[in-house]
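For reference, the chains in residue letters:
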Amino acid sequence: MDSEKLNEQWAGICSQVKSYPDVDASQVDAFFSRLEPQAMSAGFLMLTADNDFIKNWVEQNYVDVVKRALFDLHGTVFTVALAVDPGQEQRKAAQAAMPARAAEPVPAYPVAPTASINPGAAQGTARPYGESSAFPSGSPADPSMSLGDNPFSSAGSFSAPPQNPVNGGAGMAASGAPYMPSYDETALVDHYSPDASTPRENAGTPGAASARPGGPSSTLTFGNYVIGDSNRMAYSMAVEVAESPGRTPLNPLFLYGKSGLGKTHLMRAIQNYVEETRPSLKTVYVDSADFLSRYTEASLAHDREKASFKNFKTYYEEADVLLIDDVQYLQGKNQTLDIVFQLFNTLTNQGKQVVLSADRAPKNIDIDERYTSRFNGGGVIEINPPEIETKLGIVKSFINNYSQNEGFGHFEVSDDVQMYIAENSSSNIRELKSAVTKVIYQMTLSDQADMTIEEVRLLLQNHFSGGASRNLAVSDIQREVENFFKVSHNDLVGPKRARSIVYPRQIAIYLCRQLLDLPYQDIGLKFNRDHTTAMHSVSMVEEMMKKDRGVQEEIEALRKRIREL
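Residues numbered from 1 in each chain as written. Predicted model: local features only at pLDDT ≥ 70, side-chain atom pairs only at ≥ 80, totals over all residues. Heavy atoms only, no water.

Please give an account of the overall build of the protein chain that cites residues and values.
Within the protein chain one finds 21 helices and 8 strands. Looking at the protein chain as a whole, 52% of its 565 residues qualify as buried. Restricting the contact set of the protein chain to residue pairs at least 6 apart, pairs at least 24 apart contribute 80%. (Helix = DSSP H or I, 4+ residues; strand = E, 2+ residues; numbered from the N terminus. Buried < 20%, exposed > 50% of the residue type's maximum accessible area, 1.4 Å probe, protein only. Contact = heavy atoms within 4.5 Å.)

Rendered as structure tokens:
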């Protein structure tokens, strides 16, 4: 088949793929613009991508839908093979510089998909085709299969899941006392310390740094990171680092921006990508609070066991990729900064990758000039608040994630509702996510196939942060929670672990995380807890909200009271 005919066939396949209702056409444009058809015959299509990242992502997420389109167009089951052609991108650039026919514009960068094409992928089912980097011969069509028997088609009707047992009552019990859900006290994480910045005894070995709650997870990948103008450059740099750690001008890579904009997501995505594609490399992710805690413990233990400090340092020196989150936390901690600086020099001098993040640029962190100079020595990029298009993409991504990962099955949230959430939320992605969560749970718990704008507006009337909420403090939230649950401030921030105290404490921590732009460490300090307790509290409340309407109603009642301050 000549190149002109081949390109026509590929254009037809792309159009067919974009015609499916479960496919986002703009994202197909973004990814498929990085593919070129190389060969096509009966039952066989060969494509090339310009790098490994695009090839792997298309294999994992789009091969099924391409096969589906080929079957719909030709009535034949196709084998689809992909390979990498490193010179492809340069050829495209050269062609773009030459006079050419006007072409339909396509996005310059890949956008993370918000819909899974392979329904089985969410359940981890194996696909019968995986050796797509090879050049297999075409497979003959099954003569018994008719055009109406497309094995790649998928059902898309809404089916509400079985409802979780929920408490249908209001936030207050009949007696007038606040609602109090039951929970597993054996799973409680509640570490009290009058000085929460002091590390706990037996907090763990350095190896636990990457295994803390919310540690390495397949949900934090480049694939589900939604890209827009505000974060496109940061995303591109992160991908480049992940594909070539330590061998690029981006060493170190320094990401900075306000809390809640996706810095940690990109760092975890780098870690997960390297672990998946280069398992021989050792990656270590640690936030600065954990690092400080473990450094302090190793220093204190040095007098008792001379090897303890050496083991601590060796653990990080052996990393091929070291990622340190929230380095602004190390301001004023000169001894810890010295250790970070030593590790930084050791690793970068050996050609190993260092990735750092902070809530401000290196020049605005109160540290010695020599640290600032080294942190600025590679790639320094700011992640800005998302624009409306990016927020809308994030909304779509969250909806898809809940559909796949929470067992809710296929469901739809109307475009109008998605746009309402995107337009009314602040720049904090956590607030955006919690709004989507609330709409989804309202739909599933009440067995609604859809919600109107009016219903969503009523549901979220006290959810989004306004001008007044920007002046909120942790003490304001603590006071409202204390009044609501009739607990004293000393009990709320004290060592008591009774259910009547722990539950209000967890609610207060959750609200601080949702309404204030504060990291877990800072929230924990206000409750005389460490950051792991704060993280656990937020997770516990989120889980309770999924199953218990009484908890949801209490949260909303408290939100309303806090908004009225």
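This is not the end of the story, as more comes after the structure.
How would you sum up the sheet that holds strand β5 (residues 283–287)? Please name residues and give values.
Spatially, the 5 strands line up as an open sheet ordered β5-β6-β7-β4-β8, and their pairing is parallel. Edge positions in the sheet fall to β5 and β8 (379–382), since each has one partner strand and no second. Going across the sheet, the axis of each strand differs from the next one's by a mean of 10 degrees, ignoring polarity. The pairing of strand β4 (residues 253–256) with β8 spans 4 bridges and is parallel. For Phe-254, the partnering residue across the bridge sits in β8 and is Val-380. Helix α10 (residues 334–349) contacts β6 (321–325) and β7 (353–358) of the sheet and is inclined by roughly 140 degrees relative to β7. (Pairing = 2+ DSSP bridges. Axes fitted to C-alpha atoms, helices over the stretch in contact; angles between N-to-C directions.)

Describe in detail the pattern of salt bridges, supporting the description with residues and values.
Tallied over the full model, the rule gives 15 salt bridges. Across the pair Glu-454 and Arg-457 runs a salt bridge, and its minimum N-O distance is 2.4 Å. With a gap of 3 residues between them, Glu-454 and Arg-457 both fall in helix α15 (residues 453–459), about one helical turn apart. Judged by relative accessible area, Glu-454 falls into the exposed class, the value being 52%. Between Arg-479 and Asp-476 there is a salt bridge, and its shortest N-O distance comes to 2.9 Å. Here the residue Arg-479 and the residue Asp-476 both occupy positions in helix α16 (residues 474–485), the gap between them amounting to 3 residues, near one helical turn. Arg-479 gets classed as partly exposed once you look at its relative accessible area, which sits at 38%. Linked by salt bridges that have partners in common, Asp-338, Asp-368 and Arg-370 make up one network. (Salt bridge = Lys/Arg side-chain N within 4 Å of Asp/Glu carboxyl O.)

Can you lay out the sheet that holds strand β2 (residues 44–49) for me, pointing to particular residues and giving the numbers?
In spatial order, the strands read β1-β2-β3; together these 3 strands make up an open sheet with mixed pairing. Each edge of the open sheet carries a strand with a single partner, namely β1 (35–41) and β3 (79–84). Each strand of the sheet is rotated relative to its neighbour by a mean of 20 degrees, with strand direction disregarded. Most of the contacts of helix α3 (residues 52–61) go to β3, to which it runs at about 160 degrees, and overall it touches β1, β2 and β3.

Provide a residue-level description of the packing of α3 against helix α7 (residues 263–277), including the pertinent values.
Helix-helix packing: each pair is described by the crossing angle between the helix axes and the interaxial distance. In contact at an axis separation of 13 Å, α3 and α7 are set at 85 degrees when each is read in the N-to-C sense. Put simply, α3 runs roughly perpendicular to α7. Contacts between α3 and α7 involve Asp-52, Phe-53, Asn-56 and Gln-60 on the former and, on the latter, Tyr-273, Glu-276 and Thr-277. Looking at the contact of α3 with α7, its residues break down into 2 nonpolar, 3 polar and 2 charged. (Parallel < 35°, antiparallel > 145°, perpendicular 65-115°, else oblique. Nonpolar A, V, L, I, M, F, W, Y, C, P; charged D, E, K, R; others polar.)

With reference to specific residues and values, describe unusual backbone geometry.
Here the bond from Asn-251 into Pro-252 is cis, since omega is 10 degrees, no more than 30 degrees from zero. Checked against the element boundaries, Pro-252 lands in the loop between α6 (232–243) and β4. Even without a glycine there, the phi angle at Asp-326 is positive, about 60 degrees. By secondary structure assignment, the location of Asp-326 is in the loop between β6 and α10.

Before we move on, could you go through the packing of aromatic side chains and cite the residues and values that matter?
As enumerated under the stated definition, the model contains 17 aromatic pairs in all. Between Phe-341 and Tyr-371, the aromatic rings sit 5.0 Å apart at their centres with planes inclined by 70 degrees, giving edge-to-face as the arrangement. Here the residue Phe-341 occupies a position in helix α10, and Tyr-371 occupies one in helix α11 (residues 369–375), the gap between them amounting to 30 residues. The same class applies to Phe-341 and to Tyr-371, which are both buried. (Phe/Tyr/Trp six-rings, centres within 6.5 Å; stacked < 30°, edge-to-face > 60°.)

Tell me about the packing of helix α18 (residues 499–515) against helix α21 (residues 549–563), and please be specific about residues and values.
In the contact formed by α18 and α21, the axes pass within 11 Å of each other and the chain directions differ by 60 degrees. Between α18 and α21, the crossing angle belongs to the class labelled oblique. α18 and α21 meet at a crossing whose hand is right-handed. The residues of α21 that touch α18, namely those facing Tyr-503, Ile-507, Tyr-510, Leu-511, Gln-514 and Leu-515, are Val-551, Glu-554, Ile-555, Leu-558, Arg-559, Ile-562 and Arg-563. Across the contact of α18 with α21, the residue classes break down as 9 nonpolar, 1 polar and 3 charged. (Left-handed = near helix turned anticlockwise from the far one by under 90°.)

Which residues make up the pairing of β5, and what values go with them?
In summary, the side chains of a regular strand alternate between the two faces of the sheet. Extensive coverage of β5 is indicated by the burial of 5 of its 5 residues. Neither face of β5 is open: one carries Thr-283, Tyr-285 and Asp-287, the other Val-284 and Val-286, and all of them are buried. Relative to β6, β5 runs parallel, the two being bridged by 5 bridges. The partner of Asp-287 across the bridge, within β6, is Asp-325.

Tell me about the side chain of Glu-556, residues and numbers included.
Residue placement: Glu-556 occurs in helix α21. Excluding residues that lie within four positions of it along the chain, Glu-556 makes contacts with Lys-438, Leu-459 and Asn-462.

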